[in-house]
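Listed below, chain by chain, are the residues.
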Amino acid sequence: MEVDVNVTGAGALLGCDPLAQTQRSKLQHRRARINQQINKEMRMRTGAENLFRATTNNKVKETVALELSFVNSNLQLLKEELEELNSSMDVYQTDSEAVNVPMIPLGLKETKEVDVTVAIKDFICEHYGEDSFLYDKEIKELMELRQAMRTPSRNQAGLELLMEYYNQLYYLDQRFFSAQKNLGVHFHWYDSLTGVPSCQRALAFEKGSVLFNIGALYTQIGARQDRSATAGIDRAIDAFQRAAGAFNYLKENFSNAPSLDMSSPSLCMLVRLMLAQVQECVFERITLTTQDTHFTSQLRLAQEAARVSDVYLLVQQTMTQPLMKDYVPFSWVSMVQVKSEHFRALSHYYAAVALCDHMLLAGGEEEEEEAEKAFIQCHASVPAGPQLSQVLRDPEKRRKLGKAHLRRAVIRHEEAMRVHSLCKILRKMDILQDVLSATHKRSLDKYSELDREDDFDEIAEAPEIQSHTHQKPDIIPPNFSTVKVTDIFQRLGPLSVFCARARWGPMRVICLNKREGGLGLTLRGDSPVLVAGVVPGGWAEEAGLREGDYIVAVDGKDCKWAKHGEVVHMLKSCSDRGVEISQVERRAVMLSLCSDKENTRHRLLSGAKGQSSASLLNWNRKKKREGSTITKRLGSAFSLSFGSIRDTEAMY
C-alpha cells in the first residue's frame, strides 16, 4: 500500500518527504534520473552535431557520425524507459480489491532547483533602493515554497500547495519582473512524457508548468479512487473534470509552449482523454445504481456504453494525429483502443440482455409504447428484415436479434483482447486482463445459452447502438480563489505603488526641524502617504522635499503601509531636534492595467473588503481591453477640505 507522507513546517505547507520510499516517490525519482540522463545525452548530441557541421576533416566527420549514432541509440533507449515509467498506470490505481478498468493518470513535470536569491537581492537594491539583507527571510520562504511544490502529496493538500505557489507567482511577477529589465533567472522543466528539457527566462513558463502539474495531480487523484461505490465514482468524476479544466485553461491562455506536452494539440488530447474517463465513470455509476432489470434500463446501459466507446474513439483519433502519433506513449494508445472496443462490446451485450431476458413486456399499453420507442431509438440504423416494432412483439425474432448483438459483442471483446495482447505494458496489468476475460466469457455464455441446434438460418447483422448519455461531462476550470495567499514580499510596500513596472529615484533621507509655522508640506492619502505639495520657501522645500514624493519611513520606522493619521501622528510627535523622513520619488509612472499579455488577469481572488485583491494568472490575452494603458501624473494636489483621512489632503 502506498502512502504519501506530508512534511509540515512552522506555518508552511511542504510537499511529500522525498526520502519516503513510496511507490510513487520511487517512480518520480527514477523519472528525474532519466530526465537528467536525457538532458546530458542531448547536450552531447548538440555538441557533436555542431562539430560535424563545422569540421572539414573527413576522418573527424566519420568519428563524430559514429558518436552521434551511439548518442541517438542511448536517447532512444532512455525515451523508451521513460515511456514505460509514464505508462505505469498501476502505480496510481486504487488499492481496492474491486475489479475496475484502470484509468490513465499523468505523471508530474519535473523541474530543476532554481536559486533566485542573488537576482532578487540585486533587484531590491537597484530598483527599490533598500538593503536586500533585510529580506533574507522572505527569499528563504519563497525558495522553500518552490522546493515543496516539486513533490506535492497526492491529495487536496498537494493541490493547495501547487495553487499557493501559482498564486504567489503573481506577486513575484509584479514585484520583480519588468518589461525593461529581465531578472536573469532560468526556469528548467522537463516534458512529462518524453523527458526532453526546456529552459526559459519567462515567468509565464513557470506558471504554465505549475498549472500543468495541477491538472496532472488531479488525474492521479481521480485514478486512485475506489470506484466500487458511488462516492468514489463521484470523487473520480470531479477530479477528472477538474483535470480537464486545468488543461483546457492552459490551452486557452498559454501560447508558444516550449515543450510538446503543453502544446495545443497535446492539451486538446488530454482534455478529451479526461472527459472520456469521466464518461466511463458515469457508466460505472449507472451500472451500480441500476438495480432493476427492466427492459428500458438495459437499453439505457447499452446506450451509455456506446457513448463511452464513441468518446474513446475520438481520443484515439486525436492521439493518432501527425504531431501526436510519435509522442503519445504506445500503451496509452493501446489502452484507449482497448476501452473503445470493450465498451462497444458492452453496448451490444446489454442490448442483447434487454431483448432476450425480457420476453414479455409487463405493464399497460402506455409502458409498451414507451418501451417500443426506447427500443427504436436505441439503434443507430434500422436492421434488415422485419420492422423493429414487429421484432419486439415476436419472442423468436427478439432471440435472433439478441443473438446477433451477442455475436458482435464477442467479436468486439476479442478485438479488445487482441489489442491488449500487443502491448507489453498492458499485458502486465492483471486487473485489465481479468476485466476483459470476464466480460468476454459472459458474452460467450450468453451466446451459448441462446444458441439452438436447429438454428440453420444465417444470423442477421445487428445494427450499431445509438450512443446517448444522461450526464455529459463538465470542464471545471481551476478556482484559485479557494487558496488565500499573502504576498511574501509585502514589506516592500503596497503593490499598487511598489511594483517592478514603476520607476523610482534613489531613496533620500531628509531632516525637518519643527519650527513655528509648521513643516510646510501638504500630505494626501495613505499606504503610502504622498507629499501633495510643499510651501514655497518653507522648511520642507529647504530640506529638499518635493511634490510627488512618497514618505516611506519616519525616524527610521517603516510607514509604507501606514495610514494617513499614523504618519501625521509620527510627524507631530517629533522632538525639538526635528524628524528624519525617508522618501522616494516615483518618476513618469505608466500604470498599465493588464498591458503584459502574459500577465492578463481575468478573475479576482477573494480578499479583504476595501483592499486590493490578488487575482488569477492568465497569459494570453484574447482581446485588448478598453483603456488598457492609463498615464497618471503623480504629485498633482487637489484643493480638498480636511475631512476623512483617506482620499484627502491637509497642510502641516
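Residues numbered from 1 in each chain as written. Predicted model: local features only at pLDDT ≥ 70, side-chain atom pairs only at ≥ 80, totals over all residues. Heavy atoms only, no water.

Draft legend 1. The overall build of the chain, seen in detail. Each helix and strand counted, the chain has 18 helices and 12 strands in total. Sorting the 652 residues of the chain into buried and exposed places 51% on the buried side. Restricting the contact set of the chain to residue pairs at least 6 apart, pairs at least 24 apart contribute 76%. In the form shown here, the chain has an accessible surface area of approximately 30,900 Å², with 51% of it arising from carbon and sulfur atoms. (Helix = DSSP H or I, 4+ residues; strand = E, 2+ residues; numbered from the N terminus. Buried < 20%, exposed > 50% of the residue type's maximum accessible area, 1.4 Å probe, protein only. Contact = heavy atoms within 4.5 Å. Areas by Shrake-Rupley, 256 points an atom, 1.4 Å probe, with all protein chains shown as cover.)

Draft legend 2. Seen up close, the environment of Asp 136. With respect to the helices, strands and loops of the structure, Asp 136 is situated in helix H4 (residues 136-149). Between the alpha carbons of Asp 136 and Thr 117 there is a distance of 8.3 Å; along the sequence they are 19 residues apart.

Draft legend 3. The arrangement of the nonpolar core in detail. Ile 120, Phe 176, Trp 332 and Phe 489 are the most contacted members of the largest nonpolar core, which totals 136 residues. Looking at which element gives the most residues to this core, the answer is helix H11 (residues 330-356), with 15 residues. (Core = buried A, V, L, I, M, F, W, Y, C linked by side-chain atoms within 4.5 Å.)

Draft legend 4. Broad picture of the packing of H11 against helix H14 (residues 395-422). Running from amino to carboxyl end, H11 crosses H14 at an angle of 165 degrees, the nearest separation of the two axes being 8 Å. Accordingly, the angle class assigned to the pair H11 and H14 is roughly antiparallel. H11 and H14 meet at a crossing whose hand is left-handed. Each residue belonging to the contact of H11 with H14 can be placed in one class, and the counts come to 16 nonpolar, 8 polar and 7 charged. (Axes fitted to C-alpha atoms, helices over the stretch in contact; angles between N-to-C directions. Parallel < 35°, antiparallel > 145°, perpendicular 65-115°, else oblique. Left-handed = near helix turned anticlockwise from the far one by under 90°. Nonpolar A, V, L, I, M, F, W, Y, C, P; charged D, E, K, R; others polar.)

Draft legend 5. Region of the structure containing the pattern of salt bridges. As enumerated under the stated definition, the model contains 25 salt bridges in all. It is possible to trace a salt-bridge network through shared partners that takes in Asp 310, Glu 341, Arg 344, Arg 407, Arg 408, Arg 412, Glu 461 and Glu 464. (Salt bridge = Lys/Arg side-chain N within 4 Å of Asp/Glu carboxyl O.)

Draft legend 6. Representation of the environment of Ser 467 in the model. Within the secondary structure, Ser 467 sits in the loop between helix H16 (430-450) and strand E3 (503-504). Sequence separation between Ser 467 and Gln 303 is 164 residues, and the spatial gap between their C-alpha atoms is 4.7 Å. Among the polar contacts listed, one links the side chain of Ser 467 to the side chain of Asp 310, at a separation of 2.8 Å. (Polar contact = N/O pair within 3.5 Å; in protein donor to acceptor, adjacent residues only side chain to side chain.)

Draft legend 7. Quick peek at the packing of aromatic side chains. Going through the model one piece at a time under the given rule, you end up with 10 aromatic pairs. Between Tyr 128 and Phe 176 the ring centres are 6.5 Å apart and the planes differ by 85 degrees, which places this aromatic pair in the edge-to-face class. Residue Tyr 128 is found in helix H3 (residues 117-128), and its partner Phe 176 is found in helix H5 (residues 156-176); the two are separated by 48 residues along the sequence. As far as the burial class goes, Tyr 128 and Phe 176 line up, both buried. (Phe/Tyr/Trp six-rings, centres within 6.5 Å; stacked < 30°, edge-to-face > 60°.)

Draft legend 8. Main features of the packing of helix H8 (residues 264-289) against H11. Running from N to C, H8 and H11 point in directions that differ by 35 degrees, and their axes come no closer than 13 Å. Our pair here, H8 against H11, has a crossing hand that is left-handed. Contacts between H8 and H11 involve Met 269, Leu 270, Leu 273, Gln 277, Glu 280, Phe 283 and Thr 287 from the former and Trp 332, Val 336, Lys 339, Phe 343, Leu 346 and Tyr 350 from the latter.

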